[in-house]
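A look at the structure
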Amino acid sequence: MVTKIMNDKIYDISIIGGGPAGMFAAYFARLRNLKVSLIESLPKLGGQPETLYAQKHIYDVAALPKISATDLVKQLNAQLSLMNCDQYLNTSVSSIVRKDDLWVLTTNKETIYTKAVIIAIGNGSFQPRKLTFDYDPTLEKQQLNYFVNNIEDFADKDVVVAGGGDSAIDWAIDLNQVAKKTSLIHRRNRYRAMESSVKKLNDSTVQQLNPYIIKNIGFNQTDHDKIDITLKMIKSDELKTITADKLLVNYGFVSDSKILRDWNIDLQGPFIKVTQEMETNLPNVFAIGDIVTYPGKLQLIATAFAEGPIAVTKALRNLYPDKDFFEHSTSIFEK
Ligand SMILES: Cc1cc2nc3c(=O)[nH]c(=O)nc-3n(C[C@H](O)[C@H](O)[C@H](O)COP(=O)(O)OP(=O)(O)OC[C@H]3O[C@@H](n4cnc5c(N)ncnc54)[C@H](O)[C@@H]3O)c2cc1C
């Protein structure tokens, strides 16, 4: 029975998802003296920056003119380590259920009891959108990549990037710094990316192959370390085959928010609808970061950082309406 759970086993706030949104929200909630758990399905915190683009630089986080994604996550970890926050790694939340006045979180490990929940699951578990035709799966061991784990794997290589969004363009530009040659394939003549990134691309030596789609891939017959990529020009029968050391397919990621459908949470498409105080339709369940939608939402780290404090403050007001709490200066925490 939930009401028999020992009080010290009940969190004020449990944050599902340890990306930038969840990490900063956890820190902020601890700063407000709440009992907090941070639950992350992967073995380490950091979300998309750590998992998808660790070595890419970020230029739009306030007060940090330029920082690599992995260094940003290091700083978030350092900040979090100032506060004692229970972290559950390798722990995936599969359901949240209301029992009495608590939320019961079922995970692949233990059950977690909490008064409030902040959902910060980003795009859910990361599943890259893969090439849709059949190909030899052993290509994925070396020549065909959906992630960049280590940029050095691309050093001095002939690299082909496929995709037309921000991520593909960012990677084409970044890989071009270390690769022997970089090409970018996109099915349109226009990119779905920030103007500044497109300008950077146009100013770079990246070869742009537009408008082409990838029709087929296979091992190169004479050099098995290489990959043959057959391209088809859009609205034409023209086919051509190029050979490269590495193909990075960057068609985005399949969002795994299907899990949310069983949580009785109001969705708009794959996203959670929230109020301006980051409330969902469920009592004391908030959502922040890439998983939310509201008018004007931007899927950025800066936005995710701001949404955490809003959600935490609203949770605090709901849970402890009689408690005095400050809203501005944090220097009162100095010893
Ligand atoms: C290639 C690329 C480049 C980008 N560049 C920039 C940039 O330059 N500047 C910028 O501001 N933004 C950039 N972004 C966007 C930025 O990374 C996201 O806005 C940010 O990561 C959102 O943070 P989040 O915490 O909401 O989600 P995420 O970073 O996606 O983190 C969510 C976490 O939740 C975990 N999780 C999911 N489901 C569960 C579950 N059921 N149980 C437990 N844990 C779960 C996931 O494993 C993940 O670690 C970029 C994104 C990409 C893909």
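Definitions and limits used
Residues numbered from 1 in each chain as written. Predicted model: local features only at pLDDT ≥ 70, side-chain atom pairs only at ≥ 80, totals over all residues. Heavy atoms only, no water. Pairing = 2+ DSSP bridges. Helix = DSSP H or I, 4+ residues; strand = E, 2+ residues; numbered from the N terminus. Contact = heavy atoms within 4.5 Å. Axes fitted to C-alpha atoms, helices over the stretch in contact; angles between N-to-C directions. Near = heavy atom within 4 Å. Polar contact = N/O pair within 3.5 Å; in protein donor to acceptor, adjacent residues only side chain to side chain. Areas by Shrake-Rupley, 256 points an atom, 1.4 Å probe, with all protein chains shown as cover. UniProt positions renumbered as here; feature names shortened; annotations may be inferred. Buried < 20%, exposed > 50% of the residue type's maximum accessible area, 1.4 Å probe, protein only. Expected span 1.5 Å × (residues − 1). Patch = residues over 30% accessible without salt bridge, like charges linked within 9 Å, V, L, I, M, F, W, Y side chains within 5 Å. Salt bridge = Lys/Arg side-chain N within 4 Å of Asp/Glu carboxyl O. Lys, Arg positive; Asp, Glu negative; His and termini not counted. Charge placed at Lys NZ, Arg CZ, Asp CG, Glu CD. Core = buried A, V, L, I, M, F, W, Y, C linked by side-chain atoms within 4.5 Å.

**Section: the sheet that holds strand β12 (residues 181-185)**
- Strand order in the open sheet made by the five strands is β10-β17-β11-β12-β13, with parallel pairing throughout. The outermost strands of the open sheet, each flanked by one partner alone, are β10 (144-145) and β13 (207-209).
- Direction of pairing for strand β11 (residues 158-162) relative to strand β17 (residues 246-249): parallel, over a ladder of four bridges. In the sheet register, V161 faces β17, and the bridge partner there is L248.
- In this fold helix α4 (residues 166-176) packs onto β11, β12 and β17, with an angle of close to 170° to the strand it touches most, β12.

**So, the site of the ligand**
- Taken together, 33 residues are adjacent to the ligand, and E40, Q48, Y53, D60 and D290 come closest.
- Contact distances for the ligand include 3.3 Å between an oxygen atom and a backbone N or O atom of P20.
- Notes on the ligand: free accessible area 1000 Å², of which the protein chains cover 92%.
- When contributions to the shell around the ligand are tallied by element, the ones reaching two or more residues are α1 (20-31) and α2 (47-51).
- The dominant element in the shell around the ligand, judged by the number of residues it contributes, is α2, at three residues.

**Points about the UniProt feature "binding site: FAD" (unreviewed entry) in the chain**
- UniProt tags E40, Q48, Y53, V93, F126, D290 and T330 as "binding site: FAD" (unreviewed entry).
- Structurally, the position occupied by E40 is in the loop between β2 (36-39) and α2.
- Mapping V93 onto the fold places it in strand β6 (residues 93-99).
- The class for V93 is buried, based on a relative accessible area of 7%.

**Brief notes about α1**
- For α1, built from twelve residues, the straight-helix expectation of 16 Å at 1.5 Å per residue is met to within 8% by its first-to-last C-alpha distance of 16 Å.
- Buried residues dominate α1, accounting for twelve of its twelve residues.
- Burial in α1 covers these residues: P20, A21, G22, M23, F24, A25, A26, Y27, F28, A29, R30 and L31.
- Summarising the contacts, the buried residues of α1 are in contact with β1 (10-16), β2, α2, α3 (69-81) and α6 (301-319).
- N33 sits one or two positions beyond α1 and adopts a positive phi of about 70°.

**Let's talk about unusual backbone geometry**
- Between N210 and P211 the backbone carries a cis peptide bond, its omega angle lying at -15°.
- Structurally, the position occupied by P211 is in the loop between β13 and β14 (212-219).

**With respect to a positive patch on the surface**
- Taken together, the side chains of R129, R187, R188 and R192 present a region of like positive charge at the surface.
- Residue placement: R187 occurs in the loop between β12 and α5 (195-203).
- Classification of R187 by relative accessible area gives partly exposed; the value is 42%.

**Re the nonpolar core**
- Counting 79 residues, the largest nonpolar core has I13, I15, I16, I96, L105, I119 and L184 as its most contacted members.
- Sort the elements by how many residues they give to this core and α1 lands first, with nine residues.
- Leave out the neighbours within four places in its chain, and I119 touches I16, W263, I265, I272, V285, F286, A287, I288 and I291.
- By size, the runner-up hydrophobic cluster in this structure holds 21 residues, among which are L209, Y212, F219 and I242.

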